[in-house]
Amino acid sequence: MKWSTAVVFGLLSACDAFAPSNSNSRSQALMSAVDEAVTKDSKSDDANTKDPLLIRAAKGEKTERTPVWMMRQAGRHIKEYRDLCKKYPTFRQRSEIPEVAVEVSLQPWRNYKTDGCILFSDILTPLPGVGCEFTIDEKLGPIMDPIRNWDDMEKMHPIDPSSAAPFVAETLKILRDEVGPETAVLGFVGCPYTLATYMVEGKTSKEYLEIKKMAFNEPKLLHAILQNLADSIGDYALYQIENGAQLIQIFDSWAGHLSPRDYEEFASPYQKQILDKIKKHHPEIPTVVYIKHSGALIERMAGTGVDVVSLDWTVDMAEGRERIANGRKAAGLKGPGGVQGNLDPGILLANHDTITERAEEILKKAGSTGHVMNLGHGIEACTPEENAHHFIETVRNFRHED
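Cut-offs used in this document
- Residues numbered from 1 in each chain as written.
- Predicted model: local features only at pLDDT ≥ 70, side-chain atom pairs only at ≥ 80, totals over all residues.
- Heavy atoms only, no water.
- Helix = DSSP H or I, 4+ residues; strand = E, 2+ residues; numbered from the N terminus.
- Buried < 20%, exposed > 50% of the residue type's maximum accessible area, 1.4 Å probe, protein only.
- Pairing = 2+ DSSP bridges.
- Axes fitted to C-alpha atoms, helices over the stretch in contact; angles between N-to-C directions.
- Left-handed = near helix turned anticlockwise from the far one by under 90°.
- Contact = heavy atoms within 4.5 Å.
- Nonpolar A, V, L, I, M, F, W, Y, C, P; charged D, E, K, R; others polar.

**Q** Please set out the overall build of the protein chain residue by residue, giving values where relevant.
**A** Assigned secondary structure in the protein chain consists of 18 helices and nine strands. Per-residue burial for the protein chain yields a buried fraction of 51% across its 402 residues.

**Q** Outline the pairing of strand S6 (residues 287-290), supporting the account with residue identities and numerical values.
**A** Burial along S6 is two-sided: Thr287 and Val289 facing one way and Val288 and Tyr290 facing the other are all buried. The pairing of strand S5 (residues 247-251) with S6 spans four bridges and is parallel. What sits directly across from Gln249, in S6, is Val288.

**Q** I'd love a proper account of the packing of helix H17 (residues 352-366) against helix H18 (residues 385-397), names of residues and values included.
**A** When two helices pack together, their arrangement is given by the angle between the helix axes and by the axis-to-axis distance. Contact geometry for H17 and H18: axes closest at 9 Å, N-to-C directions at 35°. The interaxial crossing formed by H17 with H18 has right-handed handedness. Residue-level contacts link His352, Ile355, Thr356, Ala359, Glu360 and Leu363 of H17 to Glu386, Asn387, His390, Phe391, Thr394 and Val395 of H18. For the contact of H17 with H18, a count of residues per class yields five nonpolar, five polar and two charged.

**Q** Got a sec to walk through helix H10 (residues 192-201)? Specific residues and values, please.
**A** Burial analysis of H10 places ten of its ten residues in the buried class, which makes it a mostly covered element. One or two steps after H10, the chain reaches Gly202, where phi turns positive at roughly 85°.

**Q** Go over the environment of Asn228, please, and point to the residues and values.
**A** Relative to the elements of secondary structure, Asn228 occurs in helix H12 (residues 219-242). What makes Asn228 partly exposed here is its relative accessible area of 30%.

The structure is reproduced here in structure tokens:
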């Protein structure tokens, strides 16, 4: 139990009324000890109410060092995860059984001391909740019945996250308890265009010709699919926040296959709907957007109003920061915006000296404010764990001269 200083003074005064006159020194000593305890409690309260390092950096606040985590940090490159796969052979088991998803989420946090602990899940997880069932083949990836016409689209319905993904809520709540106040618990969603690529193609794709055919021949149909998804994915993002996520990263991974014109028609408006819904209900929650091969789209990504643009490794960090700032300015947004990334995941296959040199180069170019260090894409499954650990330690130990 914690007592205020005023209450302690009252209790001491009452005690002194019944104490012998020579007890003053004892009372003074006790008062000093109590004051010290109250001060410690106050500092402890401050630490518990202060945002985690990663969240403060994502909000553009000055931080004592650059925070770091890795996309796909929980998964196949970790031996513990591969061992777990023997007991739980399907991805959906590993991501939809809360105690298993918690364990997988915690593995890189325990092993590497990352500043972010991301929910172990998949961008497709909410799709059954909108009427699109899928399976994940361990070799081929996700497979589902494709949506190719209006009758198929009419089968979609709004999501009820609490019935579609209760395991996500349970996992997030446990993670918040497990990692403590210094580590950020990260949620994420897939953006409508990227989700639609799976739904229209019916599987993964290299060229995305079916969805492009729909975009160019039946744009109203594609827009209807995208709008349905935007409404539900926005609600799913709120559901994650309400159950413990302290940051939401939106992935529009395959929007990088669109021309700038088509990005502005089929991707950006629906990203913005999700971001606006998050900010309307939870303005305190920072947001991040990631698109693979997005070099041609950086200004447009920044113009959505997202807090942080996550760069892939094909963009120079210094140039990326300038382009983000320019994109925000052109959109009438205040501040330079934050940046995440962007070490080439392949660098983690190199020797430690190379990893250090490349990581520190990015840190210096990014500057001391508004940067969350990460990879430019998910960590490769063949990455040695000691190299991933070295990368995290390099960033944690780095200090900006300013």
